[in-house]
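# Summary of the model geometry
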Amino acid sequence: MTERVSEFGTSAALPLAEADVAEKTAGDMLREAREAHGLHIEMVAAALKVPPQKLLALEANDIASLPDPVFARALASSVCRALRVDPAPVLAKLPGAQRAPLAETNRTLNARVVSDTPRWNGGRSGGLPSRALLTVVVLLLIGAGVLFWMPQSAFDQIGASVGRLTAKNEAETMPPPDQGGVSEPVPTQAVAPTGPVDAAPAAGVLAAVPAVPASAPLAAVANTSTAISQQLVFVAREECWVTVTEAGGKQLLRRSLQVGETVGLSGTLPLSVVVGRASAVDVQVNGKPYDLKPVTRGGGVARFEVKS
């Protein structure tokens, strides 16, 4: 007989022989351990804070009355700890106990997995990233640093270059002008003034007319003078493209303008105007210069309307 100390005090309990353990169930071993301490089942249930019915079901080997086998094994372990009983023989009798062949198989598999895992050899491992991968990572970090420290003016220059390329591509992909003569200047009849004409307005009109080279044909001078009298006048300093749409959706002009070309037109108001490469063209609305900078957006494209 040996003395066992548990949370219920010191009591004497006879150790079970191996033959007895092999013949008894888990419930029998738990019940004998409890009775060896001289404890009522309700005392053990109160100490473990579980209903007595669950302990009765466990001692009666009625595992089906318990929530599941895992709960049964956990409850049996708690009882064994409380009574200072070795839980291994008890758990071996409960459902869910791992058979020896299965445990041996698991150990074999674990050993194989561990043996196949790459190990460090002299500070090196086969799982380390390659030199090429490290080079790519370093280059990416350097590029990110350059972008972070690059001044804003560099980004502005890049944006301007992209805008010029976009405008050039749009000008190249625009369809050829219609043959119906929509984009031709519309001639208007000159009305003789009934009163005296001041010299100042005449001078203003002459100032708005672009200079014509002496070698240009007389027809070009006539077309330029006619264009000035239109609602819209475009004077291309560099190659650009222009689209003009009048009320009702009819397009009056949709083509590219060459260097030095002047085009004037009129139509039903309002006139919707889209100009590509706005910095390369001068625009006059009703005989007055029109600044395209406030209406120019990304890519150098300007959009505005003529309503009066």
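Treat the numbers as computed from the prediction; the structure is a model and nothing was measured.

## Points about the overall build of the protein
A tally of regular secondary structure across the protein gives eleven helices and ten strands. Long-range contacts, defined as pairs at least 24 residues apart, comprise 58% of the intrachain contacts of the protein with a sequence gap of at least 6. A total of about 20,100 Å² of accessible surface is found on the protein, and carbon and sulfur atoms cover 60% of it.

## Notes on the packing of helix α4 (residues 52–59) against helix α5 (residues 69–83)
Where α4 meets α5, the closest approach of the two axes is 11 Å, and the angle between their N-to-C directions is 95 degrees. In terms of orientation, α4 lies roughly perpendicular with respect to α5. Where α4 approaches α5, its residues Lys54, Leu55 and Leu58 are matched on the opposing element by Phe71, Ala72, Leu75, Ala76 and Val79.

## Observations concerning empty space enclosed by the protein
Overall, the coordinates contain one cavity of 30 Å³ or more when judged by the stated rule. Size it by volume and the largest cavity reaches roughly 50 Å³. Around the largest cavity, the lining residues are Leu30, Arg34, Val44, Leu55, Leu58, Glu59, Val79 and Leu83. Those elements that provide at least two residues to the lining of the largest cavity are α2 (26–36), α4 and α5. Among the elements that line the lining of the largest cavity, the one with the most residues is α4, at three residues. A per-class count over the lining of the largest cavity returns six nonpolar, no polar and two charged.

## Some words on the side chain of Arg34
In this structure, Arg34 sits in helix α2. A distance of 2.9 Å separates polar atoms of two side chains, one belonging to Arg34 and the other to Glu59.

## Description of the sheet that holds strand β7 (residues 271–276)
Taking strand neighbours across the sheet as the criterion, the four strands line up as β5-β4-β7-β10 in an open arrangement whose pairing is antiparallel. The outermost strands of the open sheet, each flanked by one partner alone, are β5 (251–257) and β10 (301–306). Ignoring which end each strand starts from, the neighbouring axes of this sheet average 10 degrees apart. When strand β4 (residues 240–245) meets β5, the two strands line up antiparallel, connected through six bridges. Bridge assignment links Val242 to a residue of β5, and that residue is Arg255.

## Remarks on the environment of Ala60
Along the chain, Ala60 falls in the loop between α4 and α5. For Ala60, a relative accessible area of 53% puts it in the exposed group. Along the sequence, Ala60 and Gly27 sit 33 residues apart, while their C-alpha atoms lie 5.6 Å from each other.

## Description of the pairing of β7
Across the six residues that make up β7, a large majority, five, are buried. Judged from the six bridges that link them, β7 and β10 form a sheet pairing that is antiparallel. When the bridges of β10 are listed, Ser272 appears paired with Glu305.

## Observations concerning helix α3 (residues 41–48)
Those residues of α3 not exposed but buried are Ile41, Val44 and Ala45. For α3, the angular spread of buried residues about the axis comes to 100 degrees, placing them on one side. Seen from the open side of α3, the exposed residues pointing more than 90 degrees away from its buried face are Glu42 and Ala46. On the buried face of α3, the contacting elements are α2 and α4. Where α3 terminates, the next one or two residues include Lys49, which has phi positive at roughly 60 degrees.

## Overview of the confidence of the model for the protein
For the protein, mean pLDDT is 74; residues scoring 70 or higher make up 64% of the total. Between residues 179–222, whose pLDDT stays under 50, and residues either more than four places distant or in other chains, the model counts 22 contacts.

## Description of the sheet that holds strand β8 (residues 281–285)
In spatial order, the strands read β6-β3-β8-β9; together these four strands make up an open sheet with antiparallel pairing. Strands at the two margins of the open sheet, each flanked by one partner only, are β6 (262–265) and β9 (288–290). Strand after strand, the sheet turns through a mean of 25 degrees between neighbouring axes, direction not considered. Sheet topology places strand β3 (residues 232–236) next to β6; four bridges connect them, and they run antiparallel. In the strand pairing of β6, Leu232 is matched with Leu265.

## Overview of the side chain of Glu246
When you line up the elements, Glu246 lands in the loop between β4 and β5. Of the side chains with opposite charge, Lys250 comes closest to the buried, unpaired Glu246, at an N-O distance of 4.6 Å. Polar side-chain contacts of Glu246 include one of 2.8 Å to the backbone nitrogen of Thr268. Every residue in contact with Glu246, bar those within four places of it in the chain, is listed here: Leu252, Gly267, Thr268, Pro270 and Leu271.

Quick notes on the rules
Residues numbered from 1 in each chain as written. Predicted model: local features only at pLDDT ≥ 70, side-chain atom pairs only at ≥ 80, totals over all residues. Heavy atoms only, no water. Helix = DSSP H or I, 4+ residues; strand = E, 2+ residues; numbered from the N terminus. Contact = heavy atoms within 4.5 Å. Areas by Shrake-Rupley, 256 points an atom, 1.4 Å probe, with all protein chains shown as cover. Axes fitted to C-alpha atoms, helices over the stretch in contact; angles between N-to-C directions. Parallel < 35°, antiparallel > 145°, perpendicular 65-115°, else oblique. 1 Å grid on protein atoms, 1.4 Å probe; cavity = no way out; pocket = protein on both sides within 12 Å on 5 of 7 lines; lining within 4 Å. Points joined across faces, edges and corners; volume = space filled by probe spheres on them. Nonpolar A, V, L, I, M, F, W, Y, C, P; charged D, E, K, R; others polar. Polar contact = N/O pair within 3.5 Å; in protein donor to acceptor, adjacent residues only side chain to side chain. Pairing = 2+ DSSP bridges. Buried < 20%, exposed > 50% of the residue type's maximum accessible area, 1.4 Å probe, protein only. Arc of directions from axis to C-beta. pLDDT = per-residue confidence, 0-100. Lys, Arg positive; Asp, Glu negative; His and termini not counted. Salt bridge = Lys/Arg side-chain N within 4 Å of Asp/Glu carboxyl O.

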